[in-house]
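Residues per chain are reported as follows:
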Amino acid sequence: RTLTTLRGNSQKLDGGAMFGNAPKALWQRWMPADEHNRIDLGCRALLVREPDRNILIETGIGAFFSPELKARFGVQESHHVLLESLAAEGLSDADIDLVILTHLHFDHAGGLLAAWQEGQPPRLLFPNATYVIGKAHWQRALHPHPRDRASFIPELPGLLEASGRLELVDGDFSQALGEAVRFHHSDGHTPGLLLAEIVGPEVIDGQPHGGVVFCADLIPGRPWVHVPITMGYDRNAELLIDEKRAFLEDKLARNVHLFFTHDTQCALAQVTRDEKGRFGTTHEVKELQARSIAA
């Protein structure tokens, strides 16, 4: 198996919203804001290539927004950057066999849709892929709460269901993926968030070691590794903090590396913890290009 980072459409979002109750004097040290108080965010996907199949984890925000909404949500490019990134790897969306969706918020699942065209309805891409989504989160997408209704694409669940290629995951493994991908579950950001761990080559005391985990919005980037830092978009910040602490303790103990989708400068890092118990990162890698991971 090899891992390759794929760039998707980028965003600029309000820094205060991205850092919750952390003051600007603190967070601007990590991510400087522009004149509109917005910070730069990536929407990075992960391509897992196996001998007989191609797996894509997330699709980013894509280019499905109308020009008005594109401006509102700070999407920087008008074309579908993820499709361009796939083409650079010699692939099209039709070559993807499985798409893992950590959740269905538009900045993680919008890339499932073709780029916006005036007068045209939303159109689903990846015609040969099985779409893997958490069962609990699927229910949230079907019946969103006012707290995060604006984060969902109303037409997307119907398009996914109509494809006939939808698998809803209720446990730690998916029927389509087998034991190559292990799921961790989180509810603090949104109910039913799936955190996909590409299982590593070692097994110690019955537990896999090594490997890479896609952190999604539990940990959007390096600043959020610090346990108290959460987003204003999180459904339940206190729950998320508890989940994040347990998640990081587990990944530290098993040497599982963290993969960040929104960090523009770092795709992969190893977890550290100092003498005061504060988590951090080391061995930071900006991008991955066909990095091997044993099956």
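Heads up: the structure comes first, above all this text.
Below or above, wherever it landed, is the structure these notes cover. What you are looking at is a predicted structure, and each value in this text was computed from that prediction instead of being measured.

What follows deals with the packing of helix H6 (residues 135-142) against helix H7 (residues 156-163). The N-to-C vectors of H6 and H7 enclose an angle of 130°; their axes lie 9 Å apart at closest approach. Classified by the interaxial angle, the pair formed by H6 and H7 is oblique. Residues Trp138, Ala141 and Leu142 of H6 touch H7, and the partners they reach there are Pro157, Leu160 and Glu161. The residue makeup of the contact of H6 with H7, split by class, is 5 nonpolar, no polar and 1 charged.

In this fold, Cys215 is placed in the loop between strand E13 (212-214) and helix H8 (237-253). Taking the C-alpha atoms as reference points, Cys215 and Ala162, 53 residues apart in sequence, are found 29 Å from one another. When neighbours within four sequence positions are excluded, Cys215 is seen to be in contact with Leu195, Phe247, Leu258 and Phe259.

All right, on to the pairing of strand E3 (residues 38-41) then. Residues Ile39 and Leu41 point to one face of E3 and are all buried, whereas Arg38 and Asp40, pointing to the other face, are not buried. With 4 bridges connecting them, strand E2 (residues 11-14) and E3 associate as antiparallel partners. Looking across to E3, one finds that Leu13 is bridged to Ile39.

Moving on, we get to the sheet that holds strand E1 (residues 2-7). The pairing of strands in a sheet happens through backbone hydrogen bonds and is either parallel or antiparallel. The sheet built from 7 strands is open, its strands ordered E8-E7-E6-E5-E4-E1-E17 with mixed pairing. This sheet does not close on itself; its edge strands, each paired only once, are strand E8 (166-169) and strand E17 (291-292). Both strand E4 (residues 44-50) and strand E5 (residues 53-57) contribute to a ladder of 5 bridges, which runs antiparallel. Looking across to E5, one finds that Glu50 is bridged to Arg53. Along the sheet face, helix H4 (residues 81-88) touches E1, E4 and E5 and points at about 140° away from the line of E1.

Attention now moves to the pattern of salt bridges. In total, this model carries 14 salt bridges according to the counting rule given. Across the pair Arg53 and Glu50 runs a salt bridge, and its minimum N-O distance is 2.5 Å. Glu50 sits in the buried class, given a relative accessible area of 15%. Between Glu284 and Arg222 there is a salt bridge; the shortest N-O distance is 3.1 Å. Here the residue Glu284 occupies a position in strand E16 (residues 279-285), and Arg222 occupies one in the loop between E13 and H8, the gap between them amounting to 62 residues. For Glu284, a relative accessible area of 40% corresponds to the partly exposed category. A single network of salt bridges, built from pairs that share partners, joins Glu197, Asp250, Lys251 and Arg254.

A full pass over the atoms with the stated rule returns 8 aromatic pairs. Their ring planes at 15° and their centres at 5.1 Å tell us that Phe65 and Phe73 sit as a pair that is stacked. For the pair shown, Phe65 and Phe73 are each scored as buried. Within the aromatic cluster, the residues linked to one another by ring pairs are Phe19, Trp27, Trp30 and Trp224. Seen from the ring of Phe247, Lys251 lies directly overhead, with NZ or CZ sitting 4.0 Å from the centre.

With that out of the way, let us pick up the pairing of strand E15 (residues 268-273). In this structure, strand E14 (residues 257-259) lies alongside E15, joined through 2 bridges in antiparallel fashion. Each bridged residue has a counterpart across the sheet, and for Leu258 the counterpart in E15 is Ala269. Note that E15 and E16 share 5 bridges and pair antiparallel. Bridge pairing in E16 links Arg273 to Phe279. Between E15 and E16, which follow one another and run antiparallel, lie 5 residues, and Gly277 among them has a positive phi close to 90°.

What counts, and where the lines are drawn
Residues numbered from 1 in each chain as written. Predicted model: local features only at pLDDT ≥ 70, side-chain atom pairs only at ≥ 80, totals over all residues. Heavy atoms only, no water. Axes fitted to C-alpha atoms, helices over the stretch in contact; angles between N-to-C directions. Helix = DSSP H or I, 4+ residues; strand = E, 2+ residues; numbered from the N terminus. Parallel < 35°, antiparallel > 145°, perpendicular 65-115°, else oblique. Contact = heavy atoms within 4.5 Å. Nonpolar A, V, L, I, M, F, W, Y, C, P; charged D, E, K, R; others polar. Buried < 20%, exposed > 50% of the residue type's maximum accessible area, 1.4 Å probe, protein only. Pairing = 2+ DSSP bridges. Salt bridge = Lys/Arg side-chain N within 4 Å of Asp/Glu carboxyl O. Phe/Tyr/Trp six-rings, centres within 6.5 Å; stacked < 30°, edge-to-face > 60°. Lys NZ or Arg CZ within 6 Å of the ring centre and 35° of its normal.

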